[in-house]
Amino acid sequence: MNFKIDNLQYCNWSRKIFETNRAAGLDAVHVTIVYHEDYDELLIELNKWEKIFEANSDLIFLGKDFKDIEKAKLENKTAIFFGFQNCSPIEDDIGLVEKVHELGCRFMQLTYNNQSLLATGCYEKIDSGVTNFGREAIKEMNRVGIVVDMSHSAEKSTMDAIEISEKPIAITHANPAFWHAAKRNKSSDLLKMLSDSGGMLGLSLYPHHLKENTNCTLDSFCEMVAKTAEIMGASKIGIGSDLCLDQPDSVVEWMRNGTWTKTKNYGEGSKNKPGFPKQPDWFEDTRGFANIEKGLKKIGFSDDETHGILGNNWYNFYKSI
């Protein structure tokens, strides 16, 4: 059985988007439900999702483990897995790690760009690595079954997390730095270490992470996938599109600024281009999975390798959660 999984989306959720994901054949999607929100604010978001699930029960349901991916395939639905792009919902309370797991969280980044109580983000000048609290949080995440996600983390912190975690970690949405030197893209040494530890890389389709940004070609993307597979092996690569469909620019402002700054922060954008960038024309939404499939086969990946990258590799990773 072949699965299709997009292991990161943050859309302005609507029935139209769920229908598009079904048209793309997605069996599972890992969705961001918080960025900078604390625990109480998380509860508000979860209440919103209860209503979303109720209104779209013919298309989606809350996923808890890999068996729900199988269930979604059989029922022609999409399993929704919750993730945090920051550790803010656990505040400074180790006991909240188990609590957020009970509420459905299956992925949590240790940091979102900045220094957090757990680790250093990729936008900091000094990377001091995983903190004491971070070590304890990783152990607890391993115990309850939350994936350590280092997508927005700095290099030493990411390497620390790989060494500390008893379970494989994930970088759910980033690309290799050899292809495009964005702050969030990862070095070849780090990707090799990630692969050797059993971890997974989700390749991002967010234009700021792509060579030539919006103008990135499908051929260029697939060439990058092939070179990344030479470093990591094709079985450790998946898709984490980082799609932000139908979101107003105020949302990307919230991502970049949260409540931590009064100075305007443009993140990967700029003063002249502050909003969401336009997707490349071959991946305007998840129906672009079909284009990636053609491109991967054209570059030389076998059917099994292609199906792995499009979903089966993530499915196998979910078995380790």
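Coordinates for the structure precede this section.
What counts and how
One numbering rule holds for all chains: residues counted from 1, following each sequence as written. Owing to the predicted nature of the model, reporting of local features is limited to residues with pLDDT of at least 70; listing and counting of side-chain atom pairs is limited to 80 or more, with chain, interface and lining totals taken over all residues. Only heavy atoms go into the side-chain values, all of them from the structure, while hydrogens and water stay out. Residues grouped as a nonpolar core are buried Ala, Val, Leu, Ile, Met, Phe, Trp, Tyr and Cys residues, joined through side-chain atoms within 4.5 Å. Burial status follows relative accessibility: with a 1.4 Å probe on protein chains alone, a residue under 20% of its type maximum counts as buried, one over 50% as exposed, and anything between as partly exposed. Comment: elements are numbered from the N terminus, with helices defined as DSSP H or I runs of at least four residues and strands as E runs of at least two. Contacts: residue pairs with any heavy atoms within 4.5 Å of one another. Note that the arc is defined by the directions from the helix axis to the C-beta atoms. Lines fitted to the C-alpha atoms define the axes, with helices restricted to the stretch that makes contact. Angles between their N-to-C directions range from 0 to 180 degrees. Oblique is the label for any angle not under 35 degrees, not over 145, and not in the 65 to 115 range, which are roughly parallel, roughly antiparallel and roughly perpendicular in turn. Note on convention: near helix rotated counterclockwise from far helix by under a right angle means a left-handed crossing. Clockwise means right-handed.

Engineer: Whenever I open this one, the nonpolar core confuses me. Can you help?
Structural biologist: Most often, soluble globular proteins have nonpolar side chains that are buried together. In terms of nonpolar packing, the biggest core is built from 75 residues, with Trp-49, Phe-221 and Ile-292 touching the most fellow members. Residue contributions to this core peak at seven residues, all from helix H8 (residues 218–232). If near-sequence neighbours (up to four positions away) are discounted, Trp-49 is found in contact with Trp-13, Phe-18, Val-31, Ile-33, Ile-60, Ile-80 and Phe-82. Formed by 16 residues, the second largest nonpolar core is a distinct cluster that contains Phe-81, Phe-107, Trp-314 and Phe-317.

Engineer: What's the story with helix H4 (residues 95–102) in this structure? I'm lost.
Structural biologist: One full turn of an α-helix is made of 3.6 residues, so residues set three or four places apart face in the same direction. For H4, the complete set of buried residues consists of Leu-96, Val-97, Val-100 and His-101. Viewed end-on, H4 has its buried residues packed into an arc of 145°, placing them on one side of the element. Summarising the contacts, the buried residues of H4 are in contact with helix H2 (39–55), strand S4 (78–84), strand S5 (105–109) and helix H5 (132–144). Phi turns positive one or two residues past the end of H4, at Gly-104, with a value near 120°.

Engineer: Just to check I follow, could you spell out the packing of H8 against helix H10 (residues 289–299) for this structure?
Structural biologist: Two numbers describe a pair of packed helices, the interaxial angle and the distance between the axes. Packing of H8 against H10 brings their axes to within 9 Å, and their N-to-C directions diverge by 60°. Considered as vectors, H8 and H10 are oriented oblique to each other. Where H8 crosses over H10, the handedness of that crossing is right-handed. When H8 is examined against H10, the residues Leu-218, Asp-219, Phe-221, Cys-222, Glu-223, Val-225 and Ala-226 are found in contact with a partner set consisting of Asn-291, Ile-292, Gly-295, Leu-296, Lys-298 and Ile-299.

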